[in-house]
Structure formats: C-alpha cells, structure tokens
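What follows is the residue order along each chain.
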Protein chains: 2
Amino acid sequence: MTTQPASASRGPVTRKDVARYAGVSTAVVSYVVNGGPKKVAPATEAKVQDAIRVLGYRPNAAARALKLGSSETIGLVVPDNTNPFYSLLAHAVEDAAAELGYALLLTNSAGNLAKERRNIRNLAARQVDGVVLASVVFEPDLVDLESAEIPSVLLSHSDSQAEVTSMGVDLVEGARIAVEHLASHGHKNIGLAMGTTTGDEADGREQGWLKALADAGLPEGPIARSAFTREGGYAAGKRLLASAQRPSAIFASSDLQAVGLLRALHEAGLSVPGDIAVTSFDGSVEAEYSWPPLTTVEQPVREMAEAAVRALVGADRGEPPRHRVFPTRLLVRQSCGCP
Amino acid sequence: MTTQPASASRGPVTRKDVARYAGVSTAVVSYVVNGGPKKVAPATEAKVQDAIRVLGYRPNAAARALKLGSSETIGLVVPDNTNPFYSLLAHAVEDAAAELGYALLLTNSAGNLAKERRNIRNLAARQVDGVVLASVVFEPDLVDLESAEIPSVLLSHSDSQAEVTSMGVDLVEGARIAVEHLASHGHKNIGLAMGTTTGDEADGREQGWLKALADAGLPEGPIARSAFTREGGYAAGKRLLASAQRPSAIFASSDLQAVGLLRALHEAGLSVPGDIAVTSFDGSVEAEYSWPPLTTVEQPVREMAEAAVRALVGADRGEPPRHRVFPTRLLVRQSCGCP
DNA sequence: TCTGATCCTTGAGTCGATTCAGTGTTCCAT
DNA sequence: ATGGAACACTGAATCGACTCAAGGATCAGA
C-alpha cells in the first residue's frame, strides 16, 4: 500500500480536506481563515494552520464570491492601455486595488462606445465590486447603465455629473496656465493642437487656451484639431506650420500630441523652443524624455486613481456622489523656452 | 396596491426568477442560455429569452465559475504596465483573451520576485484558467509554482525550458542584426548600453552584440550596464560618453534605454546619427516618435501575445510545452545613419 | 457534586448555475 | 391500437465557502 503524500493528491484542496486533516469541522477552518467573531482555541488554530500549510490549501475565490456576493475585484475600462496616460492610470489603479486586496480586471474599449458598453456589461456579469471608467467619450447613457449595475466612478472627467462620483482636474485652468506661461515668454501668436472630442461643447483645454489668450489681450491663434495621439499631433503640427500666420508657440492638448508635434517641428528643421515654443498637457513620462523635454501640465494620475478606488471599495465607499477636482501643476522644462 | 415593475425589483435577478417568469424550470433557462446539447422548443426558447430581456437577467459569473471550475479569466503578470513594451503586451493579451470570451486580470510585479510570487498565488486563488508570465527575472522556482497551480506560459523568454510553454524572440540574432547594421555603416567602435539581468549568463542581447562584433572583426566596444529604463539608458549614455574611447555608435538593449540614451546625447550637444549612431531593441512606438526616430529590432508582441493566449485557453491548449521563437525584424529609421 | 456560564465546535442551509437521470408527451411504424 | 423511439422538460444533487443556531465540553463557584 502506497502512502500518497497529502500535498500531491489530485484535484484542488478544499476546506473539507483541511478540516478532515486537522480533525475539525469545516466551520472551524472558515473561522481560522477569516478570523470571524467566533474564537478558535489556539491549539485548534495551530492544527488548522498546519493542515493548510501541509495541504497547500487556497480558498476558492469563486465559491467565496458566490456566497459573499463580492468578487473582491474591480474593473477598469480605458480606451487604450497603450496610451501612456492610461497605462499609468491602470498601473495606479492596480496598485491601489491590490493594497485593499482587490484584483483588477482590465478592458480596452478603443474609444468605441459599443465596445465600452459591452465591456461594462461583461464586468458587471463578472460580479466586480466596482468599475473605474476612464473614457474620452462622455455618454450619459453609459453612466446610467453603469450606475444601475454596479458602483462606479468616472475618471478624468471635468463634467460634474451629480449622479456619479468622478475624479478629474480643472482642464480649463490647467490649459490656461500652460498658455499663460507661453504668453509670459512674450509670444503673441499662440496656436493650439487640439484633440477631437465628441461632446458638443468645446473641451476645457480649448476654453483654457482661449481664456489665457483673452487675459493676455492676445488674438486667437490658429487651431488644428486631430486625434489625441502621436499621429494626430504630428498631423496637427504640419497643418499649424502651413497656416497663414505660423504661430511662434503652440499648446498641445496632450503629451502624446506634443510628441507628434515635436516630430513635425524637427522634420521642418525648426528648433524648439528657439523657433517655436511648446507646452502640453498630462505630465506623462513621455514628456520628460522627449527632446527637448516638454513643459507640461501635470495631472495627479496616481492620486486620482487612488481616490477612485477608495470611493469604490475603500474608506470612502458609500459617500454621496460628487465630482472631485484635483490640482494640476505646471512642470517647467525646456520646450517652453525657460533656460 | 402598487404593482412593482418586474425589472425594478430588489436584488439581482437569478435564473430562478427567469424560470418562474417564463413558466419553465431552471434547467431550461440554463439550456437556453448555454445552448447545451438538449434541445429546447422554439416557443419555449422565445418565452425564456423574453423573460431574460424583461427581467434584465445576467448570469452570475461566480456561480458559473464555481460549478464549472473555470472563471473564463486569465491572469497576466508584468513587471510594470507603465513600460510601453508591457503596456502593449497587456493590450494585446487583453484583445486576444476577449476574442475568446476571457477577461484579463492584470498584476504588476515591479520586477520584484516576492511580489511576483504573491501575484501568481493570488491569481491561482481566483481560479484563473491560465496565466501569462512576462517577467524580466527568471526563476525556475516560479515556473514550478506556476505550472503546479495553473496552466501558464512564459513570455519573452529565450530560455527554452522544457517544462513550460514559452514565447520569445531570438535575442542573440536580433541584437546581432542591429549591431551588424551599425557596423555596415562603417562604425569601428560600437558600444553597448545593456540592461542588468539577474541570471548568471549574459543576456542574449549582449551575446548578439559580441557576435556581430566578432563577425565584423571589430574589437569589443565599451559597455555600460544599467536598468532597463529611460533613466538607466540616460545614465548608461553618460558613462559611455565619458569612457576612454568614446564609441561612434551605440546599441541599446531596449527602446526605453535608447530614449534615455538619446537624451544624454542631446544634452552633450551631440547629433544623432551624425556624431553617434544608435540602434535599439523592442520596436515600440516610443522608438518611432523619438528624435531622431530609432532604428530598432522589432519584437512581434501582438503575435506572441496571441500565441500565448491560444496556448492557454484557445486552439493550442493542451499541446505539449515548447518554446516558440518568433522572428524579429530590423525597423530601419534614422538613428542609425541611414538616409 | 451540581449549576450555570463561558468557550469551542459542529451541522446544515445557502449562494446561483450546471447537468444528469428520469418523467411525461408526442408521433411514427407496425 | 400499441410498442417504443424521439423529444421537451423537470427535479435534485453538486461545486466550495460562509454562518447561524445549537450542541458539547470545561471550569468556577457554591
């Protein structure tokens, strides 16, 4: 008769196996594992812990989720994890979630509304305890869907929707300081490389640009609209260079666009900031390692991510929905013309 | 007496509610939902579908996972989702998984072995059907742990470990062509900005560099070792510039390092490729939008990710473990000195 | 030694979906 | 008309963990 090592037995180890091995009932195992209100005798606890170790027992999350109605998982919907802004966001959300014992289900929506909706449905079916929605497009529809299903928070949205908790920065003010900085260097013709937004109203960044211009008594500079991507920025840059009155400074509405813009400028043999100064928005690493390093408006992504997770499954859970505005900060580097 | 709209009732809708509403048994609902082997009469099916729609029923994934022993979820362990190489990988894995109806649990290990181990354990407890392990550090230990628990595949590893399926490129050959290209431009002193690896043996990229040098009858150039990051590349660049015999060309072992290297070069007032030519490894977008655009060795990340997912939960499931080598390709741009 | 309080531990039901064995129809062939 | 195959559907057990009500042991005080 061969004695199988207990740990090498077939199939997953269940709480029942542990109970049998430790010579107690399954309930005790639960109490030991979860540290419930019931007290377990130290000796018993030791036996159970031993059994757990020897058997290599690991609780079945599915069963736990079924019984508890919570999967200890949160979902994240981003347009594109390849975009450094979102990849940082995903990382930060994962960190914050892990801190609280939650896992992160990542989905990419490609900025596609239908796909986004499908992703949310999918997450809901998987019993996530909450979802963080980081979307470029803003559809009240989505929010309804969302909030009806599961707790959710919107990230990086300035629209203060009363119905849902959201985290974002003041886009208008952020853009304003970036453009104001350009104006303070003496620029009179400041262009805008703007990302296309779906809403009817102009994006806050465009308003901020306008505001800074007005504040400084400057005329409205040329605008080029394109996607919030490197390619978009590149195209916008080319158009801006070809415009009737070429600007001496350009504000790009995202770092990614600024990177593309920089390429267009370099290709045209222009020096930055010598010939054209540039500032942008987001504060991602890309901006730090571009050439020249970009002066950019930093969004506190990690803080926003943490706050989002806290609102979903952490200390701030259950608080009434509200829009939280996070402070931005101008990261002065070299693309603006500062020494 | 108020008649509550069925859909507005409290609590989640279960299969039981649907069954009651449709006037059938719960088993039938299952058959309708899953299209099992049993046939359901069209009329009955319609009734059930109707009930599902009206009630807004959505199957509980936890219960399903418990019963089926599969969560239709796969896990991904990357060192840092903020690194463009890994964020692309994560995106690609998510796409491939979604294609097959699987969701993606993302975890970051920070290149920390203990954390990585914890993440894997965590994923295992969550009943993932497989995990994709993209790790810089290579620990056989991990593999054991892994494969004992759940099907897994290693990504981007050249070590052909018989025990686990893995996907990777031929680092030696990839590096070789990048350095050979530099040599073909007439460079005699080619330096290396190498990432630090944990293994005892040199990383394949270093071997490739050596091989290309030997093939071309060139002497060994200066080496600077640092982290696989922008900062690391920057530091390596500074050291390389300060070395006794400054190289006229440098091969960086990753795009990220190349970006940092470029910064060091720019700061030193050197022109690329005029004063110093550069090539690197990975083929990420960062390399395309740097200035100048980097000539780099492309890794087919999407293909590798798809293959990994297929091996885990797709068509290739169950095939015997093997190491698949994917082809690399030199993306010629401007940093090498090509016109 | 008996009583009652204090502690531990157990049994059994539950969460929601799956699936198999079995019941009751229908319908065709003989 | 009848046997039986084909078909549509039902009932109940099951997956693993949680938890409440209840049972048993232990110990102090009298």
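As shown above, the structure is provided for reference.
Residues numbered from 1 in each chain as written. Chains lettered and ligands numbered in written order. Predicted model: local features only at pLDDT ≥ 70, side-chain atom pairs only at ≥ 80, totals over all residues. Heavy atoms only, no water.

Now for the overall build of chain A. A tally of regular secondary structure across chain A gives 13 helices and 12 strands. A buried classification covers 52% of the 339 residues belonging to chain A. Across chain A, the fraction of contacts at a sequence separation of at least 24, relative to all contacts at a separation of at least 6, is 68%. (Helix = DSSP H or I, 4+ residues; strand = E, 2+ residues; numbered from the N terminus. Buried < 20%, exposed > 50% of the residue type's maximum accessible area, 1.4 Å probe, protein only. Contact = heavy atoms within 4.5 Å.)

Quick look at the protein's contact with DNA strand D now. Of all residues adjacent to DNA strand D, which total 28 residues, the nearest are Arg15, Tyr31 and Arg64 of chain A together with Ser25 and Thr44 of chain B. Sugar plus phosphate, as a fraction of atoms of DNA strand D within 4 Å of the protein: 58%. Here Asn60 of chain A contributes a backbone N or O atom positioned 2.9 Å from a phosphate oxygen of DNA strand D. Within the contact set of DNA strand D, a phosphate oxygen lies 2.7 Å away from a backbone nitrogen or oxygen of Ala41 of chain B. Put simply, the parts of the chain that give the surface near DNA strand D at least two residues each are α2 (26-34) and α4 (61-68) of chain A together with α2 (26-34) and α4 (61-68) of chain B. In the surface near DNA strand D, the residues fall into 14 nonpolar, 6 polar and 8 charged. (Near = heavy atom within 4 Å. Polar contact = N/O pair within 3.5 Å; in protein donor to acceptor, adjacent residues only side chain to side chain. Nonpolar A, V, L, I, M, F, W, Y, C, P; charged D, E, K, R; others polar.)

Let's shift gears to the protein's contact with DNA strand C. Close to DNA strand C lie 27 residues; Ser25 and Thr44 of chain A together with Arg15, Tyr31 and Arg64 of chain B are nearest. Atoms of DNA strand C within 4 Å of the protein belong to the sugar or the phosphate in 56% of instances, the rest to bases. With respect to DNA strand C, the side chain of Tyr57 of chain B contributes an N or O atom lying 2.8 Å from a phosphate oxygen. Separating a phosphate oxygen of DNA strand C from a side-chain N or O atom of Arg64 of chain B is a distance of 2.6 Å. Only α2 and α4 of chain A together with α2 and α4 of chain B provide two or more residues apiece to the surface near DNA strand C. Broken down by element, the surface near DNA strand C gets its largest block of residues, 5 residues, from α4 of chain B. When its residues are assigned to classes, the surface near DNA strand C shows 14 nonpolar, 6 polar and 7 charged.

Let us now look at the interface of chain B and chain A. The interface is formed by 49 residues belonging to chain B together with 49 residues belonging to chain A. Summed over both sides, the interface between chain B and chain A buries roughly 4,100 Å², with carbon and sulfur atoms accounting for 54% of that surface. Ranking the residues of chain B by area buried against chain A places Arg126, Tyr289 and Trp291 of chain B at the top, with a combined share of 18%. Where chain B touches chain A, the interface holds 21 residue pairs in polar contact (both at pLDDT 80 or more). Counting only elements with at least two residues in the side of chain B that touches chain A, the list comes to α4, α5 (84-99), β2 (103-108), α6 (113-125), α10 (230-242), α11 (255-267) and α12 (285-288) of chain B. Tallied by class, residues from the side of chain B that touches chain A come to 21 nonpolar, 13 polar and 15 charged. Across 3 bridges, strand β2 (residues 103-108) of chain A lies against β2 of chain B in antiparallel orientation. (Buried area = accessible area lost by both parts, 1.4 Å probe. Pairing = 2+ DSSP bridges.)

Before going further, it helps to examine the nonpolar core. Core analysis: the biggest nonpolar cluster contains 103 residues, and Leu89 and Met167 of chain A together with Leu89, Met167 and Ile190 of chain B have the highest contact counts within it. Beyond its immediate stretch of four places on either side in the chain, Ile190 of chain B contacts Val179, Leu182, Ala183, Trp209, Leu213, Leu218, Gly221, Pro247 and Ala249 of chain B. Counting 23 residues, the second-largest nonpolar core is a separate cluster that includes Val77, Leu105 and Ile120 of chain A together with Ala124 of chain B. (Core = buried A, V, L, I, M, F, W, Y, C linked by side-chain atoms within 4.5 Å.)

Attention shifts here to α4 of chain B. A turn of α-helix holds 3.6 residues, and therefore any two residues three or four places apart point the same way. Taking the backbone nitrogen of Ala62 of chain B as reference, a side-chain oxygen 2.7 Å away marks Asn60 of chain B as the first, capping residue of α4 of chain B. Positive phi appears at Gly69 of chain B, one or two residues downstream of α4 of chain B, with a value of about 70 degrees.

Residues and elements named next belong to chain A. Position of His187 among the secondary structure elements: in the loop between α8 (171-184) and β6 (190-195). On the basis of relative accessibility, which here comes to 15%, the residue His187 falls in the buried class. A polar atom in the side chain of His187 sits 2.7 Å from the side chain of Ser248. The contacts of His187, once residues within four sequence positions are left out, are Leu182, Leu218, Ser248, Ala249 and Ala277.

With that settled, the discussion passes to the sheet that holds strand β10 (residues 295-298) of chain A. All names here are of chain A. Strand order in this open sheet of 6 strands is β7-β6-β8-β9-β10-β12, and the pairing throughout is mixed. The sheet is open, and its two edges are formed by β7 (223-226) and β12 (329-331), each paired on a single side. When the angles between neighbouring strand axes are averaged without regard to direction, this sheet yields 20 degrees. Bridge count for β10 against β12 is 3 bridges, and the pairing is antiparallel. Directly across from Val297, in β12, lies its bridge partner Leu330. The strands that α8 touches are β6, β8 (249-252), β9 (277-282), β10 and β12; relative to β9, the one it contacts most, it runs at about 165 degrees. (Axes fitted to C-alpha atoms, helices over the stretch in contact; angles between N-to-C directions.)

Residue and element names in this part refer to chain B. The complete set of buried residues in α2 reads Val28, Val29 and Val32. In an axial view of α2, the angular spread of the buried residues amounts to 105 degrees, which keeps them on one side of the axis. Buried residues along α2 sit in contact with α1 (15-22) and α3 (42-55). Immediately beyond the C-terminal end of α2, within one or two residues, lies Gly35, with a positive phi of roughly 55 degrees. (Arc of directions from axis to C-beta.)

All right, on to the relation of the copies chain B and chain A then. Screw-axis analysis of chain B against chain A gives a translation of 0.1 Å along the axis, an RMSD of 0.2 Å, and a rotation angle of 180 degrees. Taken together, the turn and the small shift mark the pair as related by a two-fold rotation axis. (Least-squares fit on C-alpha atoms with pLDDT ≥ 70 in both.)

This part covers the pairing of β6 of chain A. Residues and elements named next belong to chain A. β6 sits mainly inside the fold: 6 of its 6 residues count as buried. By the bridge criterion, 4 bridges tie β6 to β8 in an arrangement that is parallel. For Ala193, the partnering residue across the bridge sits in β8 and is Ala252.

All names here are of chain A. Tallied over the full model, the rule gives 2 aromatic pairs over all chains. Ring plane angle 85 degrees and centroid distance 5.3 Å describe the contact between Phe85 and Tyr86, whose orientation is recorded as edge-to-face. Note on accessibility: Phe85 and Tyr86 belong to one class, buried. Across the ring face of Phe281, the terminal group of Arg205 is positioned such that the distance to the ring centre comes to 5.5 Å. (Phe/Tyr/Trp six-rings, centres within 6.5 Å; stacked < 30°, edge-to-face > 60°. Lys NZ or Arg CZ within 6 Å of the ring centre and 35° of its normal.)

Let us look at unusual backbone geometry. What is expected of a backbone is that most residues other than glycine have negative phi and most peptide bonds are trans. Residue Pro273 of chain A is reached from Val272 of chain A by a cis peptide bond, and omega for that bond is 5 degrees. You can see Pro273 of chain A is positioned in the loop between α11 (255-267) and β9. In this model, Glu72 of chain A sits at a positive phi of 55 degrees, which is unusual for a non-glycine residue. Tracing the backbone shows Glu72 of chain A in the loop between α4 and β1 (73-78). One non-glycine residue, Gln127 of chain B, adopts positive backbone phi at about 60 degrees.

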